[in-house]
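Summary of the model geometry
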6 protein chains.
Amino acid sequence: MTDIVTFGETMLRLSSPPGERLERARELDVRVGGAESNVAVAAARLGRDAAWISKVPDSPLGRRVVDELRGHGVETAVAWDDAPAARLGTYYHERGGDPRGTDVLYDRAESSITTAVPDELPVSVLDGAALFFTSGITPALSPTLAETTSALLGAAARAGVKTAFDLNYRSKLWSAGEAGDAYESLFPHVDVLVAAERDVDTCLGREGDPIDVANGLRREFGFETVVLTRGENGSVAVADGEVFEQQVYAADTFDAIGTGDAFVGGYLAKRVSGGDVGEALAYGAATASLKRTIGGDVAVVTPEEVESVVAENGGGISR
Amino acid sequence: MTDIVTFGETMLRLSSPPGERLERARELDVRVGGAESNVAVAAARLGRDAAWISKVPDSPLGRRVVDELRGHGVETAVAWDDAPAARLGTYYHERGGDPRGTDVLYDRAESSITTAVPDELPVSVLDGAALFFTSGITPALSPTLAETTSALLGAAARAGVKTAFDLNYRSKLWSAGEAGDAYESLFPHVDVLVAAERDVDTCLGREGDPIDVANGLRREFGFETVVLTRGENGSVAVADGEVFEQQVYAADTFDAIGTGDAFVGGYLAKRVSGGDVGEALAYGAATASLKRTIGGDVAVVTPEEVESVVAENGGGISR
Amino acid sequence: MTDIVTFGETMLRLSSPPGERLERARELDVRVGGAESNVAVAAARLGRDAAWISKVPDSPLGRRVVDELRGHGVETAVAWDDAPAARLGTYYHERGGDPRGTDVLYDRAESSITTAVPDELPVSVLDGAALFFTSGITPALSPTLAETTSALLGAAARAGVKTAFDLNYRSKLWSAGEAGDAYESLFPHVDVLVAAERDVDTCLGREGDPIDVANGLRREFGFETVVLTRGENGSVAVADGEVFEQQVYAADTFDAIGTGDAFVGGYLAKRVSGGDVGEALAYGAATASLKRTIGGDVAVVTPEEVESVVAENGGGISR
Amino acid sequence: MTDIVTFGETMLRLSSPPGERLERARELDVRVGGAESNVAVAAARLGRDAAWISKVPDSPLGRRVVDELRGHGVETAVAWDDAPAARLGTYYHERGGDPRGTDVLYDRAESSITTAVPDELPVSVLDGAALFFTSGITPALSPTLAETTSALLGAAARAGVKTAFDLNYRSKLWSAGEAGDAYESLFPHVDVLVAAERDVDTCLGREGDPIDVANGLRREFGFETVVLTRGENGSVAVADGEVFEQQVYAADTFDAIGTGDAFVGGYLAKRVSGGDVGEALAYGAATASLKRTIGGDVAVVTPEEVESVVAENGGGISR
Amino acid sequence: MTDIVTFGETMLRLSSPPGERLERARELDVRVGGAESNVAVAAARLGRDAAWISKVPDSPLGRRVVDELRGHGVETAVAWDDAPAARLGTYYHERGGDPRGTDVLYDRAESSITTAVPDELPVSVLDGAALFFTSGITPALSPTLAETTSALLGAAARAGVKTAFDLNYRSKLWSAGEAGDAYESLFPHVDVLVAAERDVDTCLGREGDPIDVANGLRREFGFETVVLTRGENGSVAVADGEVFEQQVYAADTFDAIGTGDAFVGGYLAKRVSGGDVGEALAYGAATASLKRTIGGDVAVVTPEEVESVVAENGGGISR
Amino acid sequence: MTDIVTFGETMLRLSSPPGERLERARELDVRVGGAESNVAVAAARLGRDAAWISKVPDSPLGRRVVDELRGHGVETAVAWDDAPAARLGTYYHERGGDPRGTDVLYDRAESSITTAVPDELPVSVLDGAALFFTSGITPALSPTLAETTSALLGAAARAGVKTAFDLNYRSKLWSAGEAGDAYESLFPHVDVLVAAERDVDTCLGREGDPIDVANGLRREFGFETVVLTRGENGSVAVADGEVFEQQVYAADTFDAIGTGDAFVGGYLAKRVSGGDVGEALAYGAATASLKRTIGGDVAVVTPEEVESVVAENGGGISR
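A few points on the structure. (Residues numbered from 1 in each chain as written. Chains lettered and ligands numbered in written order. Predicted model: local features only at pLDDT ≥ 70, side-chain atom pairs only at ≥ 80, totals over all residues. Heavy atoms only, no water.)

1. Side note on the overall build of chain A
Keep this limit in mind: Only DSSP runs of H or I reaching four residues or more are called helices, and only runs of E reaching two or more are called strands; each is numbered from the N terminus. Note that the radius of gyration is over C-alpha atoms, with the globule rule given as 2.2 Å times the number of residues to the power 0.38. With a 1.4 Å probe rolled over the protein chains alone, any residue whose accessible area is under 20% of its type maximum counts as buried; one over 50% counts as exposed, and the rest are partly exposed. Should any heavy atoms of two residues lie within 4.5 Å, those residues are considered in contact. Accessible areas in this description were obtained via Shrake-Rupley with a 1.4 Å probe; residue shielding takes into account the shown protein chains only.
The number of helices and strands found in chain A is 10 helices and 14 strands. Compactness check: chain A gives a C-alpha radius of gyration of 18 Å against a globular reference of 20 Å for 319 residues, within 12% of the reference. Considering only C-alpha atoms, chain A reaches an extent of 55 × 45 × 40 Å along its principal axes. Burial statistics for chain A: of 319 residues in total, 61% are counted as buried. In chain A, the share of contacts with a sequence separation of at least 24, taken over all contacts with a separation of at least 6, comes to 68%. Roughly 11,100 Å² of accessible area belongs to chain A as shown, and the carbon and sulfur atoms make up 45% of that amount.

Structure below.
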């Protein structure tokens with residue numbers, strides 16, 4: 001029986017070496033990453049049974065994604081796409097530094113997952129699972145996938161599997177208005193909302209004191225828990241009338257990509273194994289800070305490392 | 001004034017290291033390659049003024065292609081595609097060894113060039129050119145591009161620019177029947193036909209003694225010259241009632257990709273600078289043999305090196 | 001339910017780059033390998049449910065082994081050794097070329113697995129398995145492990161799990177006499193014997209016509225099947241009065257290490273999925289030939305690739 | 001018609017990896033760089049037609065320089081030196097960190113360019129150009145080259161091509177006194193002087209308030225414009241009675257080499273395309289700040305990136 | 001005649017690349033390091049005749065250690081261990097960054113040196129030497145080596161060779177109590193004690209004002225000189241009633257490992273060549289700060305570089 | 001007391017990766033090599049006390065040469081050149097493959113050693129040596145060095161040190177006539193002549209049966225021994241009326257550079273330790289064959305490896 005099941009796209013990531021521009025690089029570092037599999041990897045590495053549902057090409061690149069996730073201990077429940085033109089989403093990545101930021105160049109249109117329908121996915125991995133997670137990237141990838149996302153969230157909810165959803169707004173995929181509408185249509189199936197404060201403002205038009213915003217969302221949409229991530233300002237969560245706050249743990253950043261997913265993975269791993277919301281926020285923040293020191297999208301960490309960060313750094317306060 | 005102008009797609013090539021499978025590689029070597037730009041590079045490096053017409057995304061990857069070709073001395077006459085989803089064709093490449101061959105995995109659908117129409121291309125580079133070259137890959141990429149290919153070949157022919165065409169059949173792009181029909185519709189605009197013996201058989205249904213086949217094609221379609229490449233068996237050409245034969249120069253193969261394009265580039269470079277067909281075959285064969293010793297799609301050679309291979313190895317006989 | 005369960009040590013492999021001696025190398029390539037996990041990887045990649053039982057340090061290096069095997073789809077059933085001095089067996093590897101051979105330098109003494117006893121191993125993975133495999137390396141590693149090997153083979157045989165054993169004589173671990181005695185003490189638990197012709201001669205003192213040798217072994221020890229591998233001379237098998245012969249498929253060798261394990265993995269995968277002994281020999285030989293083209297100890301192949309080698313190359317004859 | 005033509009030496013740069021000393025490095029990163037070609041590359045990448053005049057060996061290393069500059073879009077107008085002993089200037093580069101600085105080891109004596117005379121250089125590229133640029137490194141390389149530099153500056157001035165000159169004092173090439181004399185002999189041909197405040201002090205013996213210094217130089221030598229670069233203190237320019245000041249844009253420095261040349265390239269590119277001196281200073285400062293984040297001597301940037309830095313950072317004030 | 005002779009274990013160091021975890025790295029950087037050879041290398045590079053006594057396997061790895069030390073100019077006086085299972089101590093190294101520290105994973109048990117007895121070591125290199133150095137790591141490696149360490153220190157003292165000893169407490173090798181007892185048993189043979197303030201507290205139970213601590217040690221055990229290193233707080237030394245203090249020179253740290261040994265090597269090199277204690281502290285601190293900027297365990301520096309750091313930074317005060 | 005002392009230039013070697021042309025390589029592999037130090041390294045690695053006399057710049061590159069030779073166990077007796085423009089000879093190296101050969105591009109003019117005079121060289125290392133070796137490259141480097149070579153050979157001969165000389169003709173350094181004259185002027189000081197059959201023909205105008213040629217040289221110039229190397233045809237030697245012949249040992253060639261020097265190093269090492277001429281030829285041939293399998297100029301081998309090649313391959317016949 002699985003603790004955490006996630007659903008979404010995982011891409012090939014091709015990065016130029018430090019100080020080298022994509023335009024000129026002669027070698028690219030290869031990794032795989034995607035919000036939902038990043039969450040699954042973090043959870044699996046922190047001791048949870050984690051699975052990931054997706055659709056990938058039946059090609060060396062598709063197998064690479066599966067190999068890498070399995071290597072981290074994630075169960076891969078995939079539909080293999082054997083269409084001749086089946087393609088894996090790809091993104092090119094260039095690390096910057098002021099005044100040049102990190103650059104991400106997507107090449108993900110028409111990837112295999114954009115055609116995924118519930119019937120072809122091995123969704124039986126959801127049976128008896130404790131929690132189902134997906135993010136707002138998934139419904140943005142295609143109308144088909146928007147429907148499939150809704151169907152999976154609904155089925156999970158009906159089967160008594162708790163559901164968690166991270167807004168993860170991507171302006172290159174859709175407009176804020178489209179995203180906001182889509183999110184709201186999914187919220188009836190969602191128990192736990194995770195959202196960047198900025199996305200809540202941009203897509204749902206809510207700003208102000210973060211605790212007020214979180215409480216407002218919770219009341220309006222009936223979430224069990226709302227977690228707001230606030231960048232350098234840490235995170236807050238509201239649940240059952242309680243409020244939790246967590247600071248960021250300082251980190252020397254080697255690679256910032258995947259920090260948010262590491263936070264979610266740590267948070268959910270702790271919640272699923274019985275931690276309270278405050279403990280889970282600390283666990284998520286510690287996982288995120290460790291992720292920053294590591295190349296690639298995923299948090300290659302151990303539970304002992306996460307716990308050591310939490311222990312040495314004190315942590316959040318619950319009021 | 002340009003000697004040789006080519007038109008076609010150039011892709012990003014991502015190769016796994018020796019002995020490493022694409023499924024597992026952690027680093028990929030980055031090159032660029034495409035049949036028509038490979039021909040242009042060979043011609044430019046052998047001292048001709050060479051230009052390449054194409055359409056590429058206005059992105060680091062599109063600029064990379066342009067940088068690399070310019071670096072070899074090719075004039076790049078490109079339409080920059082600034083559509084947000086503009087993409088550069090890509091191919092993944094894995095070198096094998098018996099009993100595992102070299103593997104090529106295309107990810108080129110919907111690339112920028114597939115939408116190229118004559119009006120947006122900087123075709124003025126053709127004015128006064130000596131020769132225009134494209135291959136059978138170009139019309140295979142999209143119906144739009146098939147029309148554009150025909151239009152450019154026609155315009156070149158009408159403007160008195162000699163035209164050369166290499167069948168270059170790709171079974172992953174279209175069927176032999178589709179290809180054969182398309183080729184034949186273009187032949188009226190073509191002066192010099194280059195073709196692999198195998199493609200002539202597969203797509204045009206002609207087999208038998210290569211000189212007979214070449215003569216048959218020449219008579220039927222009115223080509224000025226027909227060059228048949230025969231793999232390890234060398235090449236033959238027929239022109240003006242003369243027959244030329246050329247053997248292959250032995251080579252230690254480091255990377256076989258682009259060998260045929262190097263042959264065409266060497267052949268055309270020599271013809272354009274006044275060599276006869278026999279000299280051009282030798283030049284092409286020498287360029288091709290050098291290419292095999294070099295990583296990447298293009299023949300990083302000098303005229304001196306090519307001439308040295310021709311001189312030391314004797315060469316073909318003209319009857 | 002698992003098809004194939006293997007038991008043995010997997011080591012870290014550190015290789016110097018081509019042309020570079022271990023004494024001078026500034027970078028080492030890192031892989032993992034061990035006879036029994038190599039067999040499990042081949043079987044898993046060829047579509048079988050495969051598991052591997054072992055004991056590894058609870059350290060980054062132990063996790064690395066587990067990650068890599070899981071990545072190939074092998075279920076890892078390991079006892080984690082959290083002793084402070086727990087160590088992973090290591091070997092250094094230098095590719096040569098005539099007149100200098102490939103050099104292997106073991107640093108494997110006192111590794112975690114040498115202390116493994118049945119009670120601590122997650123042997124329940126054997127329940128209902130189709131086949132259990134280990135090799136003659138395992139009992140050579142320590143007296144404790146010799147006992148554990150015997151216990152596992154015996155338990156498997158008693159539970160109706162078929163057993164296979166590859167002599168795999170290592171002269172650096174024990175003498176031919178010690179090895180021969182140990183092998184013979186295990187044979188009563190073994191159904192399928194795989195052996196290099198050379199090891200049979202060295203350790204069991206049998207030489208001569210390979211079919212006679214195989215039949216002799218089969219008669220004396222009551223094996224169901226005996227497979228003899230004969231290097232460049234291919235392989236023979238005897239079973240139920242039938243004799244099978246298989247030639248080697250020609251290969252460009254990039255890395256010869258693991259060739260024998262790939263053969264065994266391919267052979268067992270085919271047998272477990274219903275192939276007859278002759279088909280299994282061909283499958284094993286094809287897997288082995290592909291392995292030679294790939295860096296590392298394991299056969300990173302697909303069933304389609306193996307089948308293509310078998311199909312194109314004809315194969316062995318059954319008399 | 002070319003916007004900006006530069007003249008000078010370009011060297012091969014060989015750098016040890018991060019944290020590795022030249023004395024011990026086993027691999028060196030290869031780049032090319034030289035003050036004048038760095039300026040040309042920046043200008044070309046920012047949209048100007050830029051050319052570079054030089055003399056290089058007819059060797060793989062000479063071709064490498066030409067390839068790389070052409071790749072960035074610079075027209076290369078070179079005399080090929082086919083003397084058997086022709087050599088390309090080289091420099092070894094080691095990145096440091098406090099208390100060890102960046103180390104540069106020149107091996108440039110007797111390079112091909114030191115023998116360059118006007119007659120052999122393809123100076124026709126200057127015809128109709130908007131601006132000619134060289135730096136104080138060029139006349140320092142040999143007496144012959146000092147004469148050639150003077151001849152080219154003079155010819156440009158006479159042909160109505162505006163001239164710009166950067167002092168670029170190199171104490172390893174000549175003494176401050178020799179340099180100062182040489183500079184002053186060239187000033188009559190120079191319209192735009194760019195100089196580091198430090199070099200003005202060292203070689204021309206002028207220090208004090210930078211605006212006073214700039215105005216003093218302008219008055220005495222009749223420059224149209226004087227630009228003083230002041231390291232962390234930004235830059236100032238005086239022209240036509242106007243004074244311009246520009247701050248430095250903060251940057252995470254990956255590789256500081258070429259920062260000054262990027263500034264000059266950005267400045268001149270903006271001026272040639274019609275920007276006023278203040279806009280050009282901002283453009284130069286932004287190009288320089290981006291350069292710092294990139295490995296190698298040249299500013300691999302786009303106009304959009306430069307403009308984005310200028311837009312977000314405000315910029316200089318004109319009084 | 002040798003200036004400085006050291007005795008101890010040198011290990012192979014295998015490091016994962018920046019940002020990469022040991023668990024996942026595909027390549028490891030290879031270096032060699034050990035406290036006593038690090039000291040010898042620093043001294044040799046700073047112009048002293050330095051030798052190192054040890055026992056290493058007669059294998060490529062043992063030769064590698066010897067090659068590398070000889071390369072830095074150290075005379076290697078080693079016993080070659082030709083036992084089949086002879087092994088070189090190894091350590092795996094992973095650079096971190098907050099909140100993840102640098103990780104060191106030892107695999108050094110049962111290495112060749114643990115069996116070294118005086119008779120097999122080429123101790124004649126000590127004849128006429130000025131100074132003998134070892135550290136508290138050496139006696140911790142095995143009871144045999146503890147005896148050998150004592151014997152060598154005693155012999156040196158008796159032969160009039162000055163002796164220096166650095167506590168270098170390693171909690172992974174023994175307890176603080178065991179270490180403290182062992183240290184005290186060696187102190188009668190020691191003239192110069194170097195110790196980290198933290199180790200003095202942990203193992204010898206002395207804390208408080210560092211000068212008081214140093215003086216206390218000196219009085220109780222009769223050392224000629226006591227040097228206490230205090231991390232970021234610099235160092236102090238007491239000798240002949242004089243007190244010396246030295247600050248740390250600021251450094252951009254690329255690799256912190258070996259900093260302490262570089263300090264000792266610089267200190268001893270200066271002392272042996274006639275510098276007073278204060279000059280030696282400055283020399284040691286400068287060597288240490290340079291070491292931090294360089295990858296690997298050893299200080300790849302020149303005397304000029306060390307002197308330049310000392311000169312520019314002022315330095316310690318002697319009261 | 002030293003067994004073998006050599007004198008000559010050692011250069012930095014910069015090689016492009018396999019399949020990559022120097023014109024395009026982004027990384028270069030760094031090695032050091034020179035005929036005489038290659039001989040010294042081979043001799044030192046084969047157990048002889050070997051020293052190398054030279055003059056190198058006091059720079060990181062000069063130190064690199066010294067480090068690397070010391071690392072192989074060679075005593076480095078160098079004059080450090082602290083002239084500001086002191087330079088180390090360099091060569092660029094590109095591995096080819098038919099029909100493109102290995103390319104070597106020298107950049108060695110005006111290197112430090114070209115100014116070496118006997119007085120500044122630490123020639124005391126010759127005192128009591130058994131053998132002095134230099135090659136025909138050394139006098140070719142400059143007139144000064146030709147005189148110094150003669151002086152050292154003469155001094156060695158007068159001091160009773162045996163002398164060996166390898167013609168090593170380099171057509172890029174001087175003409176065959178100049179070389180021949182220079183060689184003959186040195187022959188009076190030479191005891192053992194080693195020469196490629198081809199060089200004897202080119203420079204000394206002697207061809208024909210190799211034994212006749214060798215005997216002719218021996219008679220005319222009074223050499224003790226003449227060794228002729230004949231490429232794939234092996235080698236012959238004449239000494240004291242005896243004739244020795246040796247075949248080549250087959251080798252998979254990874255890097256052919258330095259093969260001849262490895263032969264000489266092996267030959268001299270064996271002679272100096274008492275082997276007869278026939279044994280020494282076999283030893284030289286075996287060392288040369290091993291060298292071919294290893295990257296770089298020097299034979300990174302052990303005596304055991306050389307002896308194993310000799311033992312397994314039989315060897316030459318003495319008539």
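Additional details are given in the paragraphs that follow.
2. What about the sheet that holds strand β6 (residues 90-94) of chain F?
Here is the rule: Each pair of strands is called paired provided DSSP finds at least two bridges between the two strands. Here, axes are lines fitted to C-alpha atoms. For helices the fit covers the stretch in contact, and angles between N-to-C directions go from 0 to 180 degrees.
Reading across from one edge, β7(D)-β6(D)-β2(D)-β3(D)-β3(F)-β2(F)-β6(F)-β7(F) is the order of the eight strands in this open sheet, with mixed pairing throughout. Whereas interior strands pair on both sides, the edge strands pair on one side only; in this sheet they are β7 (103-107) of chain D together with β7 (103-107) of chain F. Pairwise comparison of adjacent strand axes, ignoring direction, gives a mean angle of 30° for this sheet. For strand β6 (residues 90-94) of chain D and β7 of chain D, the ladder comprises five bridges, and the chain directions are antiparallel. When the bridges of β7 of chain D are listed, His93 of chain D appears paired with Val104 of chain D.

3. Focus on the packing of aromatic side chains
This is how it is decided: Aromatic rings from Phe, Tyr and Trp, taking only the six-membered ring of Trp, are treated as a pair when their centres fall within 6.5 Å; an angle between ring planes under 30 degrees marks them as stacked, one over 60 as edge-to-face, and anything in between as tilted. The criterion is that NZ of a Lys, or CZ of an Arg, lies within 6 Å of the ring centre and within 35 degrees of the ring normal, and then a charge sits over that ring.
Considering all chains together, one arrives at 42 aromatic pairs over all chains under this definition. One aromatic cluster is present, formed by Phe165, Trp174 and Tyr183 of chain A through successive ring pairs. A cation sits over an aromatic face here: Arg95 of chain C above Phe254 of chain C, 4.7 Å from the ring centre.

4. Side note on the interface of chain B and chain A
Our working rule: Buried area: the accessible surface (1.4 Å probe) lost by two parts on joining, summed over both. The salt bridge criterion pairs a side-chain nitrogen of Lys or Arg with a carboxyl oxygen of Asp or Glu, the two atoms within 4 Å. Think of a polar contact as two N or O atoms within 3.5 Å of one another; within protein, one of them needs to be a possible hydrogen donor and the other a possible acceptor, and neighboring residues in sequence only count if both atoms come from side chains. Residue polarity follows a fixed list, in which Ala, Val, Leu, Ile, Met, Phe, Trp, Tyr, Cys and Pro are nonpolar, Asp, Glu, Lys and Arg are charged, and the others, Gly among them, are polar.
Contacts between the two partners involve 23 residues from chain B and, on the opposite side, 23 residues from chain A. Taken together, the two surfaces of chain B and chain A that pack against each other cover about 2,300 Å², and 47% of this comes from carbon and sulfur. Taken as a group, Glu23, Arg26 and Arg64 of chain B account for 26% of the area that chain B buries against chain A, more than any other trio of residues on that side. Of the charged contacts, one joins Glu23 of chain B and Arg63 of chain A as a salt bridge, the two residues approaching to 3.0 Å between their closest N and O atoms. Linking chain B to chain A there are 15 residue pairs in polar contact (both at pLDDT 80 or more). Counting residues per element, the ones that place at least two in the side of chain B that touches chain A are β2 (11-15), β3 (27-33), α2 (60-71), β6 (90-94) and β7 (103-107) of chain B. Split by residue class, the side of chain B that touches chain A holds 10 nonpolar, two polar and 11 charged. For strand β3 (residues 27-33) of chain A and β3 of chain B, the ladder comprises three bridges, and the chain directions are antiparallel. Each residue of the ladder has a partner; that of Glu27 of chain A, found in β3 of chain B, is Asp29 of chain B.

5. Considering the interface of chain C and chain B
Facing 18 residues of chain C, the contacting portion of chain B comprises 10 residues. Counting the surface lost from both chain C and chain B, the interface buries some 1,100 Å², and carbon and sulfur atoms represent 47% of this. The largest contributions to the chain C side of the interface with chain B come from Asp252, Thr293 and Val300 of chain C, which together make up 32% of the buried area. At the junction of chain C with chain B, the criterion picks out three salt bridges. One salt bridge in this structure joins Glu305 of chain C and Arg21 of chain B, with 2.7 Å as the shortest N-O distance. Within the side of chain C that touches chain B, the residues separate by chemical class into eight nonpolar, five polar and five charged.

6. What to know about unusual backbone geometry
Backbone torsion omega between Asp98 of chain D and Pro99 of chain D reads 0°, so that peptide bond is classified as cis. Checked against the element boundaries, Pro99 of chain D lands in the loop between β6 and β7. For Asp240 of chain C, which is not glycine, the phi torsion reads 50° and is therefore positive. In this model, Glu110 of chain D sits at a positive phi of 65°, which is unusual for a non-glycine residue. With respect to the secondary-structure elements, Glu110 of chain D resides in the loop between β7 and β8 (131-135).

7. Description of the pattern of salt bridges
In total, this model carries 160 salt bridges over all chains according to the counting rule given. Taking the shortest distance from any N to any O, the salt bridge between Asp58 of chain C and Arg63 of chain C comes out at 3.8 Å. The class for Asp58 of chain C is partly exposed, based on a relative accessible area of 46%. One network of salt bridges, in which partners are shared, links Glu23 and Arg24 of chain A, Asp58, Arg63, Asp67 and Arg70 of chain B together with Arg45, Arg64 and Glu68 of chain D.

8. So, helix α9 (residues 277-291) of chain B
Residues and elements named next belong to chain B. Operational definition: Multiplying 1.5 Å by the residue count of a helix minus one yields the expected span of that helix.
The terminal C-alpha atoms of α9 lie 21 Å apart, and with 15 residues this matches the ideal 21 Å at 1.5 Å per residue to within 8%. Most of α9 sits inside the fold, with 13 of its 15 residues counted as buried. Structurally, the start of α9 carries an N-cap: the backbone nitrogen of Gly278 is 2.9 Å from a side-chain oxygen of Asp276.

9. Some thoughts on the environment of Asp29 of chain D
In this structure, Asp29 of chain D sits in strand β3 (residues 27-33). Under the relative-accessibility criterion, Asp29 of chain D is labelled partly exposed at 21%. Separated by 15 residues in the primary sequence, Asp29 of chain D and Leu14 of chain D have C-alpha atoms spaced 5.5 Å apart. Apart from the residues within four sequence positions on either side, Asp29 of chain D is in contact with Arg13, Leu14 and Ser15 of chain D together with Arg26 of chain F. Among the polar contacts listed, one links the side chain of Asp29 of chain D to the side chain of Arg31 of chain D, at a separation of 2.9 Å.

10. What to know about the environment of Met1 of chain D
Assignment of secondary structure puts Met1 of chain D in the segment before β1 (4-7). In this structure, the C-alpha to C-alpha distance between Met1 of chain D and Asp107 of chain D, residues 106 residues apart in sequence, is 35 Å.

11. Some details on the sheet that holds β6 of chain B
An order of β7(A)-β6(A)-β2(A)-β3(A)-β3(B)-β2(B)-β6(B)-β7(B) is seen for the eight strands of this open sheet, with the pairing classed as mixed. With partners counted over all chains shown, the strands left at the sheet margins are β7 (103-107) of chain A together with β7 of chain B, one partner each. Each neighbouring strand pair of the sheet contributes to a mean axis angle of 30°, computed without reference to strand direction. Pairing between strand β2 (residues 11-15) of chain A and β3 of chain A: five bridges, direction antiparallel. Within β3 of chain A, the position partnered with Met11 of chain A by the bridge is Gly33 of chain A. Together, β2 and β3 of chain A together with β6 and β7 of chain B form the strand contacts of helix α2 (residues 60-71) of chain A, whose direction differs from that of β3 of chain A by roughly 60°.

12. So, the relation of the copies chain C and chain B
Put simply, the rule reads: C-alpha atoms of residues with pLDDT of at least 70 in both copies form the basis for the least-squares superposition of the copies.
Mapping chain C onto chain B calls for a rotation angle of 120° and an axial translation of 0.0 Å; the resulting RMSD is 0.0 Å. The superposition operator between the copies reduces to a three-fold rotation axis. Taking C-alpha positions as the reference, the residue of chain C nearest the rotation axis is Pro18 of chain C, at 6.0 Å.

13. A short note on a negative patch on the surface
Note the threshold: Like charges are joined within 9 Å and nonpolar side chains (Val, Leu, Ile, Met, Phe, Trp, Tyr) within 5 Å, but only among residues with over 30% relative accessible area and no salt bridge; these make up the patches. Charge assignment: positive for Lys and Arg, negative for Asp and Glu; neither His nor the chain ends contribute. Working definition for charges: the position is that of NZ of Lys, CZ of Arg, CG of Asp or CD of Glu.
On the surface, Glu27 of chain A, Glu27 of chain B, Glu27 of chain C, Glu27 of chain D, Glu27 of chain E together with Glu27 of chain F cluster together into a patch of negative charge. The topology assignment puts Glu27 of chain D in strand β3. When its relative accessible area of 36% is taken as the criterion, Glu27 of chain D is described as partly exposed.

14. Points about the packing of helix α1 (residues 35-45) of chain F against helix α8 (residues 259-272) of chain F
Residues and elements named next belong to chain F. How we decide: Working definition: roughly parallel below 35 degrees, roughly antiparallel above 145 degrees, roughly perpendicular at 65 to 115 degrees, and oblique for all remaining angles. By the definition used in this description, the sense in which the near helix is turned from the far one sets the handedness, with an anticlockwise turn below a right angle giving left-handed and a clockwise turn giving right-handed.
The geometry of α1 relative to α8 is characterised by a closest axis approach of 8 Å and an angle of 45° between their N-to-C directions. As far as their axial angle goes, α8 and α1 are oblique. Here the hand of the crossing between α1 and α8 comes out right-handed. Together, Ala35, Asn38, Val39, Ala42 and Ala43 of α1 and Asp261, Ala262, Val264, Gly265, Gly266, Leu268 and Ala269 of α8 make up the contact between the two elements. Of the residues belonging to the contact of α1 with α8, the class tally is eight nonpolar, three polar and one charged.

15. Here we look at the relation of the copies chain B and chain A
Of the two same-sequence chains, chain B is brought onto chain A (RMSD 0.0 Å, axial shift 0.0 Å) by a rotation of 180°. Here the two chains are linked by the operation of a two-fold rotation axis. Nearest to the rotation axis, the C-alpha of Leu28 of chain B is located 2.6 Å from it, this being the minimum over chain B. Both copies contact each other with a shared surface, as 100% of the interface residues of chain B are interface residues in chain A too.

16. As for the pairing of strand β13 (residues 242-246) of chain D
Residues and elements named next belong to chain D. Two strands pair when backbone bridges link them, and strand β12 (residues 235-239) and β13 are joined in this way by five bridges, in the antiparallel orientation. Residue pairing for β13: Val238 is matched across the bridge by Val243. Counted between consecutive antiparallel strands, the loop separating β12 from β13 contains two residues, among which Asp240 sits at a positive phi close to 50°.

17. Digging into the side chain of Thr2 of chain B
For Thr2 of chain B, the location among the structural elements is in the segment before β1 (4-7). Once residues lying within four places of it in the same chain are set aside, the contact partners of Thr2 of chain B are Asp49, Ala50, Ala51, Glu75, Val125, Gly128, Ala129 and Ala130 of chain B.

18. Quick look at the side chain of Asn38 of chain D
Locating Asn38 of chain D in the fold gives a position in helix α1 (residues 35-45). In this view, Asn38 of chain D contacts Gly33, Gly258, Asp261, Asp297 and Val298 of chain D; residues no more than four positions away in its chain are not counted.

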